[in-house]
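# Fold and contact review
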Amino acid sequence: QVQLVESGGGLVQAGGSLRLSCAASGRTFSGVVMGWFRQAPGKEREFVAAIRWSDISTYYADSVKGRFTISRDNVKNTVYLQMNSLKPEDTAVYYCGAGLFFSEYVADRRKYNYWGQGTQVTVSS
């Protein structure tokens, strides 16, 4: 079992920044993919960014490229999502997920076996 705990959400004005954290505990695998997804009210959960733990390959949704950065701390078993130049449309509950699969599936939420409880991000205009 893998446990994931997100933190770092909050309320920020448009153009501001936030950093989300996802602390992983329990059984871990070197080839695991850690991803961030978000879900706005009335919408499906959508892919934001992902990182492969072993080689630090990173993947981003087009909507966040150049604004968000995903990274990981191998010692703390934590994945971060640095979010800059935030927009009101970034408002959502952000979820951290983990799973073992090929990189071509990083944007497919069905491939992630473990999820955190989510953290709310609200961007005011």
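Worth saying up front: this structure is predicted, and the values here are computed from it rather than measured.

### Section: the overall build of the protein chain
The helix and strand inventory of the protein chain stands at zero helices and 11 strands. What you see for the protein chain is a C-alpha radius of gyration of 13 Å, in line with the 14 Å of a compact globule of 125 residues. Taken over 125 residues, the protein chain has a buried fraction of 42%. Pairs at least 24 residues apart make up 57% of the contacts formed inside the protein chain by residues separated by at least 6 positions. In the structure as shown, the protein chain presents an accessible area of about 6500 Å², 47% of it carried by carbon and sulfur atoms.

### Examining the pairing of strand β5 (residues 46–52)
Extensive coverage of β5 is indicated by the burial of six of its seven residues. Relative to β5, strand β4 (residues 33–39) runs antiparallel, the two sharing six bridges. Considered in β5, the bridge of F37 is made with F47. The hairpin formed by β4 and β5 contains six residues between the paired strands, and G42 there has a positive phi angle of roughly 80°. With three bridges connecting them, β5 and strand β6 (residues 58–60) associate as antiparallel partners. In the strand pairing of β6, A49 is matched with Y60. Taking the residues that link successive antiparallel strands as the turn, the β5-β6 hairpin has five residues, and the phi of I56 there is positive, at about 60°.

### A word on the packing of aromatic side chains
In this structure the tally under the stated criterion is five aromatic pairs. When the centroid spacing of 5.6 Å and the interplanar angle of 70° are considered together, the rings of F37 and F47 count as edge-to-face. With F37 in strand β4 and F47 in strand β5, this residue pair connects regions lying 10 residues apart in the sequence. Each of the two residues, F37 as well as F47, counts as buried. When the centroid spacing of 4.9 Å and the interplanar angle of 70° are considered together, the rings of F101 and Y112 count as edge-to-face.

### Re the pairing of strand β7 (residues 68–73)
Two elements, β7 and strand β8 (residues 78–83), share six bridges in a ladder whose sense is antiparallel. Paired with R72 across the strands is V79, a residue of β8. With antiparallel pairing between neighbouring strands as the criterion, β7 and β8 make up a hairpin whose turn holds four residues, including N77 at a positive phi of roughly 55°.

### Description of the environment of R27
Assignment of secondary structure puts R27 in the loop between β3 (18–26) and β4. Considering only alpha carbons, one finds R27 and Q3, 24 residues apart in sequence, at a separation of 8.4 Å. With sequence-adjacent residues up to four places away left out, R27 is seen in contact with Q1 and V2.

Calculation rules
Going along each chain's sequence as written, the residues are numbered from 1 onward. Local features are withheld for residues below a pLDDT of 70 in this predicted model, meaning they are given only at 70 or higher, and side-chain atom pairs are given and counted only at 80 or more; totals for whole chains, interfaces and linings count all residues. Side-chain descriptors were evaluated using all non-hydrogen atoms of the structure, hydrogens and water having been removed beforehand. Going along the chain from the N terminus, every DSSP run of H or I of four or more residues is numbered as a helix, and every run of E of two or more is numbered as a strand. Each radius of gyration is computed over the set of C-alpha atoms, and the globule rule expresses the reference value as 2.2 Å times the number of residues to the power 0.38. Type-normalised accessible area, obtained with a 1.4 Å probe on protein chains alone, sets the label of each residue: buried when under 20%, exposed when over 50%, and partly exposed for intermediate values. The contact criterion used throughout is that any non-hydrogen atoms of two residues lie within 4.5 Å. Computed by Shrake-Rupley with a 1.4 Å probe, the accessible areas treat only the displayed protein chains as cover when residues are assessed. A pair of strands counts as paired when DSSP detects no fewer than two bridges linking them. A pair of Phe, Tyr and Trp rings is counted when the ring centres sit within 6.5 Å of each other, with Trp represented by its six-membered ring. The angle between the planes then sorts it: under 30 degrees is stacked, over 60 is edge-to-face, the rest tilted.

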